[in-house]
Amino acid sequence: MAARPQTMVVPTDAELLQAQADLWRHSLCYLTSMALKCAVELRIPTAIHNLGGVTTLPDLVAALSLPTNKLPFLRRLMRLLVTSGIFASDNTAAVETYRLNPLSWLLVEGVKEEDHTYQKCFVLGTVSRHYVEASLSLADWFKKDLPTPLPSPFEELHGVPLFDEKTALLDEELDTIVKEGLAAHDNLAMGTIIRECNNLFKGLQSLTDCCGGDGTTARAIMKAYPHIKCNVLDLPQVIDTAPADGVVNYVAGDVFKFVPPAQAVLLKLVLHFWNDEDCVKILEQCKKAIPSREEGGKVIIIEIVLSPSMSHIMFEAQLLMDMLMMVNTRGRQRDENDLREIFTKAGFSDYKIVKKIGARSIIEVYP
């Protein structure tokens, strides 16, 4: 007997009106991103900081050297940014004031430079014309019959990969912003990790930071643990511009071909740029570089681990970062099952998630 078709549930009027408001919000949320870009380019967070962390609108207009007839429009901009949680406001007093909160603190210039809290370039990179155009081409990318390995929508549209030597040929300013934004993004939580995860580096005598750039992370580790000898592995063009301070040992090379031997290997926000097959290749080289688990050998991985059990906002942030990878790179963010599979394929025997740092996790992987 044929299955009885399910009865379709028709939304109520109230549900449809709420859905319409939700549709407005989802369709227009790009305007929040553009308002944030505007605030960064006007240096509003830094201006509020210089005014003591709290200001009135007229004082903010004066500090930004804006024409006074722009005050009503700045109020509308700030109203959206306050509602979106980017700034805080006190409108219960006689005069409305605006102040910094933890989010806008990330956009203040010159504060806690060692902890790399300043995230201006991350914002400007993600809302750049090239990123947005790649996102707009997503439906066309899905429809095209493209060769494997699939190029990202960014690469398919612009003809060059992101985070590549060729990116500068597309737009030199974008290349600079992306590199600076990536460095700030990568290094933001390192101070927290060193302060809160003492056991992570306990007993280590040597460490190789793969794709370690200019050695910022390695120097931070060595400052906290002077006995650890640190290598930084990166491409020759990166190492050529790294500061030769005599503290960090820089090695020019390719993580797919060789990793300098050490007791531990660090992969900080590396794997999400690559597909599963490439991740296995990277991890295989890491495994060759470290001793047995009994001798303290391990790979330390800092990555987003997708987890629906996190708060809705945190999980949504993780999924948005996954979409960012999908649109602009050939990589992706992974959940624990995905990571376990590539660890096993690379020949590792065990792993443990040591700690969650915001949306990211720290994982120890053992040979």
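All of these numbers come straight from a predicted model, not from anything done at the bench.

Reading the values: the criteria
- Residues numbered from 1 in each chain as written.
- Predicted model: local features only at pLDDT ≥ 70, side-chain atom pairs only at ≥ 80, totals over all residues.
- Heavy atoms only, no water.
- UniProt positions renumbered as here; feature names shortened; annotations may be inferred.
- Helix = DSSP H or I, 4+ residues; strand = E, 2+ residues; numbered from the N terminus.
- Buried < 20%, exposed > 50% of the residue type's maximum accessible area, 1.4 Å probe, protein only.
- Arc of directions from axis to C-beta.
- Contact = heavy atoms within 4.5 Å.
- Pairing = 2+ DSSP bridges.
- Axes fitted to C-alpha atoms, helices over the stretch in contact; angles between N-to-C directions.
- Expected span 1.5 Å × (residues − 1).
- 1 Å grid on protein atoms, 1.4 Å probe; cavity = no way out; pocket = protein on both sides within 12 Å on 5 of 7 lines; lining within 4 Å.
- Points joined across faces, edges and corners; volume = space filled by probe spheres on them.
- Nonpolar A, V, L, I, M, F, W, Y, C, P; charged D, E, K, R; others polar.
- Domains from an automatic or database assignment.
- Parallel < 35°, antiparallel > 145°, perpendicular 65-115°, else oblique.
- Salt bridge = Lys/Arg side-chain N within 4 Å of Asp/Glu carboxyl O.

Mapped onto this structure's residue numbering, the UniProt feature "domain: O-methyltransferase dimerisation" (unreviewed entry) falls at residues 24–109. Between the C-alpha atoms that bound residues 24–109 the distance is 34 Å, and the span itself is 57% helix and 10% strand.

Further remarks concern helix α18 (residues 336–345). Those residues of α18 that fall on the buried side of the exposure criterion are Leu339, Ile342 and Phe343. Angular distribution of buried residues about the axis of α18 spans 105°; they occupy a single face of the element. Along α18, the residues that are exposed and aim more than 90 degrees away from the buried face are Thr344 and Lys345. The secondary structure elements touched by the buried residues of α18 are α16 (276–289), β8 (298–306), β9 (334–335), β10 (350–357) and β11 (360–366).

Moving on to the sheet that holds strand β2 (residues 88–90). Strand pairing in a sheet relies on backbone hydrogen bonds, with the paired strands running either antiparallel or parallel. Spatially, β1-β3-β2 is the arrangement adopted by the 3 strands of the open sheet, whose pairing is antiparallel. Looking at the sheet topology across the chains shown, the edges are occupied by β1 (54–56) and β2. Each strand axis lies, on average, 30° off the axis of its neighbour in the sheet, ignoring direction. Pairing between β2 and strand β3 (residues 97–99): 3 bridges, direction antiparallel. In the strand pairing of β3, Ser89 is matched with Tyr98.

Turning next to helix α5 (residues 71–83). Compared with the 18 Å implied by 1.5 Å per residue over 13 residues, the 18 Å span of α5 between its first and last C-alpha is a close match. All of the buried residues along α5 are Leu71, Leu74, Leu77, Met78 and Leu81. The arc that holds every buried residue of α5, seen down its axis, measures 115°, which confines them to one face. Turned more than 90 degrees away from the buried face of α5, the exposed residues are Arg76, Arg79 and Thr83.

With respect to the secondary-structure elements, Leu271 resides in the loop between β7 (264–268) and α16. Between the C-alpha atom of Leu271 and that of Arg334, which follows or precedes it by 63 residues, the distance is 9.3 Å. Leu271 has contacts with Cys279, Ile282, Ile301, Glu303, Arg334 and Ile342, leaving out every residue within four places of it along the chain.

Looking now at the layout of surface pockets. Its boundaries defined by the atoms lining it, the second largest pocket holds a volume of some 1700 Å³. Along the walls of the second largest pocket sit 47 residues, with Phe163, Leu182, Asp234, Leu235 and Val238 positioned nearest its centre. Contributions of two or more residues to the lining of the second largest pocket are made by α12 (172–187), α14 (216–224), β5 (229–234), α15 (236–239) and α16. No other element matches the 9 residues that α12 contributes to the lining of the second largest pocket. Among the residues making up the lining of the second largest pocket, the classes are represented as 18 nonpolar, 14 polar and 15 charged. Split by domain, the lining of the second largest pocket shows at least three residues from each of two domains, domain 2 (125–182) and domain 3 (193–366).

At a closest axis distance of 9 Å, the pairing of helix α8 (residues 129–136) and helix α17 (residues 312–328) adopts a crossing angle of 90°. If you check the angle between α8 and α17, you find them roughly perpendicular. Along the contact surface, α8 presents Tyr131, Ala134 and Ser135, while α17 presents Leu324, Val327 and Asn328. In the contact of α8 with α17, the residues fall into 4 nonpolar, 2 polar and no charged.

This next bit is on the environment of Trp105. Position of Trp105 relative to the elements: it lies in helix α6 (residues 102–105). Since its relative accessible area comes to 34%, Trp105 is described here as partly exposed. Considering only alpha carbons, one finds Trp105 and Leu200, 95 residues apart in sequence, at a separation of 28 Å.

What follows concerns empty space enclosed by the protein. Tallied over the entire structure, the rule returns 4 cavities of 30 Å³ or more. Around the largest cavity sit 19 residues that line it, and Phe122, Tyr131, Phe163, Leu182 and Leu324 are the ones nearest its centre. Those elements that place two or more of their residues in the lining of the largest cavity are α7 (120–126), α12 and α17. Ranked by residues supplied to the lining of the largest cavity, first place goes to α12 with 5 residues. Tallied by class, residues from the lining of the largest cavity come to 12 nonpolar, 7 polar and no charged. The two domains that each donate at least three residues to the lining of the largest cavity are domain 2 (125–182) and domain 3 (193–366).

On to the UniProt feature "domain: O-methyltransferase C-terminal" (unreviewed entry) in the chain, then. UniProt records the feature "domain: O-methyltransferase C-terminal" (unreviewed entry) at residues 137–349, using the numbering of this structure. Summarising residues 137–349: 44% helix, 15% strand, and an end-to-end C-alpha distance of 41 Å.

Our next topic: the pattern of salt bridges. Going through the model one piece at a time under the given rule, you end up with 16 salt bridges. Its salt-bridge partner being Glu133, residue Arg129 comes within 3.3 Å of it at the nearest N-O pair. Of this pair, Arg129 and Glu133 are both found in helix α8, 4 residues apart, which corresponds to roughly one turn of the helix. Classification of Glu133 as partly exposed rests on a relative accessible area of 28%. Across the salt bridge formed by Glu156 and Lys144, the nearest N and O atoms sit 3.1 Å from each other. Taken together, the residues span a long stretch of sequence, with Glu156 in helix α10 (residues 153–158) and Lys144 in the loop between α9 (138–143) and α10 at a distance of 12 residues.

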